[in-house]
Amino acid sequence: YQRRVHGDTIAVGIGRLMVAILAACSYPLQVHPCTRSVMNLIFRQSNPVGGITSPWVRRVCIGLLVCLLTYVIAMIVDNLGLIFSIIGATGSTTLCYIIPAIFYIKLPKAKQ
């Protein structure tokens, strides 16, 4: 089916190569915030502007662990709809029920 629709032209090969480069270069940008969040949760360290409070070895190990974990999940899961369902179920519950309640509690009451 793929050969019939797309063919094996040079333009298609270049497009596939560019998508592979894009995926390879953008993934570390997506892993970095996850790594920082995990480090803040586990080690309870804040990272001040302009300074690094944790050793680079710890950051590299956690980053590699995140990459390995996402790789294992990608290899195990056959249906991406399952992952989207889990993310949607947790995210929509947080957005619809938990966050408005937190805002209600945190916002100051108007004086009457």
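Starting afresh in each chain, residues are numbered from 1 along the sequence in its written order. Two thresholds apply to this predicted model, a pLDDT of at least 70 for residue-level local features and 80 or more for giving and counting side-chain atom pairs, whereas whole-chain, interface and lining totals are computed over all residues. Only hydrogens and water are set aside when side-chain values are computed; all heavy atoms of the structure are taken into account.

**Concerning the layout of surface pockets**
And step 1. Definitions used for this entry: grid spacing 1 Å over protein atoms alone; cavity, a set of points where a 1.4 Å probe fits but cannot get out; pocket, an open set with protein on both sides within 12 Å along at least 5 of 7 lines; lining residue, one with an atom within 4 Å of a point. Grid points are joined across faces, edges and corners, and a volume is the space filled by probe spheres set on the points. By volume, the largest pocket is sized at about 270 Å³.
And step 2. Looking at the largest pocket, the residues that line it are Thr70, Ile73, Ala74, Val77, Leu80, Ile83, Phe84 and Ile87.
And step 3. When contributions to the lining of the largest pocket are tallied by element, the ones reaching two or more residues are α3 (56-76) and α4 (80-106).
And step 4. Class assignment of the residues belonging to the lining of the largest pocket gives a composition of 7 nonpolar, 1 polar and no charged. Secondary structure elements are defined from DSSP: runs of H or I of at least 4 residues count as helices, runs of E of at least 2 residues count as strands, and each element is numbered from the N terminus. When residues are grouped by polarity, Ala, Val, Leu, Ile, Met, Phe, Trp, Tyr, Cys and Pro land in nonpolar, Asp, Glu, Lys and Arg in charged, and all others, Gly among them, in polar.

**Quick look at the environment of Ile83**
And step 1. For Ile83, the position within the fold is in helix α4.
And step 2. Relative accessibility thresholds used throughout: buried, under 20% of the residue-type maximum; exposed, over 50%; partly exposed, between the two (1.4 Å probe, protein chains only). Residue Ile83 is classed as partly exposed on the basis of its relative accessible area, which comes to 23%.
And step 3. Apart from the residues within four sequence positions on either side, Ile83 is in contact with Ile73 and Val77. Working rule for contacts: check all heavy atoms of both residues, and any pair within 4.5 Å makes them a contact.

**Details of the confidence of the model for the protein**
And step 1. Known as pLDDT, the predictor's confidence for each residue is given on a scale from 0 to 100. Per-residue pLDDT for the protein has a mean of 80; in total, 81% of the residues score no lower than 70.
And step 2. Element-level mean pLDDT values for the protein span from 54 in helix α1 (residues 2-5) up to 87 in α3.

**Remarks on α4**
And step 1. The span you would expect from a helix comes to 1.5 Å times its residue count less one. For α4, built from 27 residues, the straight-helix expectation of 39 Å at 1.5 Å per residue is met to within 8% by its first-to-last C-alpha distance of 37 Å.
And step 2. For a residue, the bend is simply the angle between two axes, fitted respectively to the seven-residue segment ending there and the seven-residue segment starting there. Its axis deflected by about 40° at Thr94, α4 carries its strongest bend there.
And step 3. With a side-chain oxygen positioned 3.0 Å from the backbone nitrogen of Gly81, the residue opening α4 is Asn79. Polar contacts here mean pairs of N or O atoms no more than 3.5 Å apart (in protein, one a potential hydrogen donor and the other a potential acceptor; neighbouring residues in sequence count only if both atoms are side-chain atoms).

**Overview of the packing of helix α2 (residues 10-43) against α3**
And step 1. Remark: α2 packs on α3, axes separated minimally by 9 Å, with the N-to-C direction vectors making an angle of 115°. Considering how the two elements wind past one another, α2 and α3 form a crossing that is right-handed. Seen from α2, the contacting residues are Tyr27, Val31, Cys34, Thr35, Val38, Met39 and Phe43; seen from α3, they are Arg58, Arg59, Ile62, Gly63, Val66, Cys67 and Thr70.
And step 2. Here the residues of the contact of α2 with α3 sort into 9 nonpolar, 3 polar and 2 charged. Axes here refer to lines fitted to C-alpha atoms; in helices the fit is confined to the stretch in contact. Angles between the N-to-C directions go from 0 to 180 degrees. Left-handed describes a crossing whose near helix is turned anticlockwise from the far helix through less than a right angle; right-handed describes the clockwise counterpart.

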